[in-house]
Amino acid sequence: MATRTGPGTVVSLEIDPCIAAQARRNLDGLGLDPLVITGDGEQGHPADGPCDRIVATASVRRILRAWLEQLGPGGVLLAPLDSPFGCDLLVRLTGAGGTAARGHFVAKVEFMRFRGQRTPRPYAELGWPETASVEHWQELQVEAGLRGQQILDPSPPRATRTGHRPASR
């Protein structure tokens, strides 16, 4: 990424000081100069916001407010999001201004979870509809904002994961 965007345009966050130091040495050895910060990626790096791109390399259960606050209008956020399907789904969100973003899933992936995101939570609390199914993951839409995230299923009603059809609205 630093090769494509040029000097002084990339910030990398790593919570483990030893890994951060090794990353600095490796990048320096390649002649690259991204800013490598030892810190919690869940907090992002507000000093360099708003950002055109935020790329998470650890999975989250919910899109983090700090990232939304630091994502500029039209900016892109890529993050592995925990799903009820036994895998993470890579979500691509576009900043809508303020602290809102919208997008969709682009790939099934597997990443280590952020330390602060490891405690399991019911998927309904994380904005997942009961009708979401692994067969239709590519149809799901994602909205994230101050009130949390919402996974939207635009497809026609079908049986839920528990085998029941949702009530008509």
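Criteria and thresholds
Residues numbered from 1 in each chain as written. Predicted model: local features only at pLDDT ≥ 70, side-chain atom pairs only at ≥ 80, totals over all residues. Heavy atoms only, no water. Salt bridge = Lys/Arg side-chain N within 4 Å of Asp/Glu carboxyl O. Helix = DSSP H or I, 4+ residues; strand = E, 2+ residues; numbered from the N terminus. Buried < 20%, exposed > 50% of the residue type's maximum accessible area, 1.4 Å probe, protein only. Core = buried A, V, L, I, M, F, W, Y, C linked by side-chain atoms within 4.5 Å. Contact = heavy atoms within 4.5 Å. Phe/Tyr/Trp six-rings, centres within 6.5 Å; stacked < 30°, edge-to-face > 60°.

## Side note on the pattern of salt bridges
Inference 1: Tallied over the full model, the rule gives six salt bridges.
Inference 2: For Arg113, the salt bridge is made with Asp88, and the minimal N-O distance between the two is 3.3 Å. Taken together, the residues Arg113 in the loop between strand 6 (101–109) and strand 7 (141–145) and Asp88 in strand 5 (residues 88–95) connect sequence positions 25 residues apart.
Inference 3: Take Arg113: its relative accessible area is 18%, and that puts it in the buried class.
Inference 4: A relative accessible area of 2% means that Asp88 is categorised as buried.
Inference 5: In this structure, Arg121 engages Glu125 in a salt bridge whose closest nitrogen and oxygen atoms are separated by 3.6 Å.
Inference 6: Bridged by salt links that share partners, the residues Arg61, Asp82, Asp88 and Arg113 form one connected network.

## Thoughts on the nonpolar core
Inference 1: Ranked by size, the top nonpolar core spans 29 residues in total, and within it Trp67, Phe105 and Trp128 carry the most contacts.
Inference 2: Sorting the residues of this core by element identifies strand 3 (51–55), helix 3 (65–70), strand 4 (71–82), strand 5, strand 6 and strand 7 as the ones contributing at least two each.
Inference 3: The biggest single contributor to this core is strand 4, with four residues.
Inference 4: With residues near it in sequence (within four places) discarded, Phe105 still touches Leu81, Leu89, Leu90, Val91, Trp128, Trp137, Leu140, Val142 and Ile151.

## Re the environment of Cys18
Inference 1: Mapped onto the elements of the fold, Cys18 is located in helix 2 (residues 17–29).
Inference 2: On a C-alpha basis, the gap between Cys18 and Arg118 in space is 22 Å, while along the polypeptide they are 100 residues apart.

## Notes on the packing of aromatic side chains
Inference 1: Per the counting criterion, the structure on display carries four aromatic pairs.
Inference 2: With a centroid separation of 5.7 Å and an interplanar angle of 85°, the aromatic rings of Phe85 and Trp128 are classed as edge-to-face. Taken together, the positions of Phe85 in the loop between strand 4 and strand 5 and Trp128 in the loop between strand 6 and strand 7 put the pair 43 residues apart, joining distant regions of the chain.
Inference 3: A relative accessible area of 4% means that Trp128 is categorised as buried.
Inference 4: Centroid distance Tyr123 to Trp128: 6.5 Å. Interplanar angle 90°. Geometry classified as edge-to-face.
Inference 5: The exposure class of Tyr123 is partly exposed, given its relative accessible area of 23%.
Inference 6: Here the aromatic cluster, defined as three or more aromatic residues joined through ring pairs, consists of Phe85, Phe105, Tyr123 and Trp128.

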